[in-house]
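Single-letter residue listing:
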Amino acid sequence: MLSYQAKENLKKIFGFDEYKNNQQEIIKEVVKGKDILTVMPTGGGKSLCYQLPATLFDGLTLVVSPLIALMQSQVAQLQLLGIKAYCLNSSNSDDENKKIITMLKSNEIKLLYIAPERLIKNEIIDLLKTKKISLLAIDEAH
């Protein structure tokens, strides 16, 4: 059984009364720190499998995704829910990316969505080495 806090966050933050499909089992293993590979159809609820645990962890959840539109959509939705989520990608202006990096340096971000090409930059790697990364999720691997 998942923790009381996870079930409470499911309702309070995300607005769901129940988990769907295999989310509960997946989230339980993620919270335990296990490595998980989850394949679900579009709309199957895979994003919640890392977003909910992110609300339970102290550190940063890093989400790697090649899909900029998906990142933007999820970040906008998470921000509406009160979660400090941002994305680093080529669609941002240089000023936006600098602001996000400054926020990352000062531990103001809970979920950071990042494009693979940004993740391999030395400056980003060096910065992330200084952060407590509680969870790494790869979303929409192609």
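Residues numbered from 1 in each chain as written. Predicted model: local features only at pLDDT ≥ 70, side-chain atom pairs only at ≥ 80, totals over all residues. Heavy atoms only, no water.

Overview of the packing of helix H5 (residues 94-105) against helix H7 (residues 122-129)
The geometry of H5 relative to H7 is characterised by a closest axis approach of 10 Å and an angle of 25° between their N-to-C directions. The pairing of H5 with H7 is recorded here as roughly parallel in orientation. Crossing angle aside, the handedness with which H5 passes H7 is left-handed. For the pair H5 and H7, contact is made by Ile101, Leu104 and Lys105 and by Glu123, Ile124, Leu127 and Leu128, respectively. Residue classes in the contact of H5 with H7 are distributed as five nonpolar, no polar and two charged. (Axes fitted to C-alpha atoms, helices over the stretch in contact; angles between N-to-C directions. Helix = DSSP H or I, 4+ residues; strand = E, 2+ residues; numbered from the N terminus. Parallel < 35°, antiparallel > 145°, perpendicular 65-115°, else oblique. Left-handed = near helix turned anticlockwise from the far one by under 90°. Contact = heavy atoms within 4.5 Å. Nonpolar A, V, L, I, M, F, W, Y, C, P; charged D, E, K, R; others polar.)

Thoughts on the layout of surface pockets
Here the largest pocket defines a volume of roughly 660 Å³. Lining of the largest pocket is provided by 23 residues; of these, Ile36, Leu37, Thr38, Ala137 and Ile138 occupy positions nearest its centre. Of all the secondary structure elements, the ones that give two or more residues to the lining of the largest pocket are helix H2 (23-31), helix H3 (48-56) and strand E4 (133-138). No other element matches E4, which puts five residues into the lining of the largest pocket. Taken together, the residues of the lining of the largest pocket sort by class into 15 nonpolar, three polar and five charged. A volume near 430 Å³ is recorded for the second largest pocket. (1 Å grid on protein atoms, 1.4 Å probe; cavity = no way out; pocket = protein on both sides within 12 Å on 5 of 7 lines; lining within 4 Å. Points joined across faces, edges and corners; volume = space filled by probe spheres on them.)

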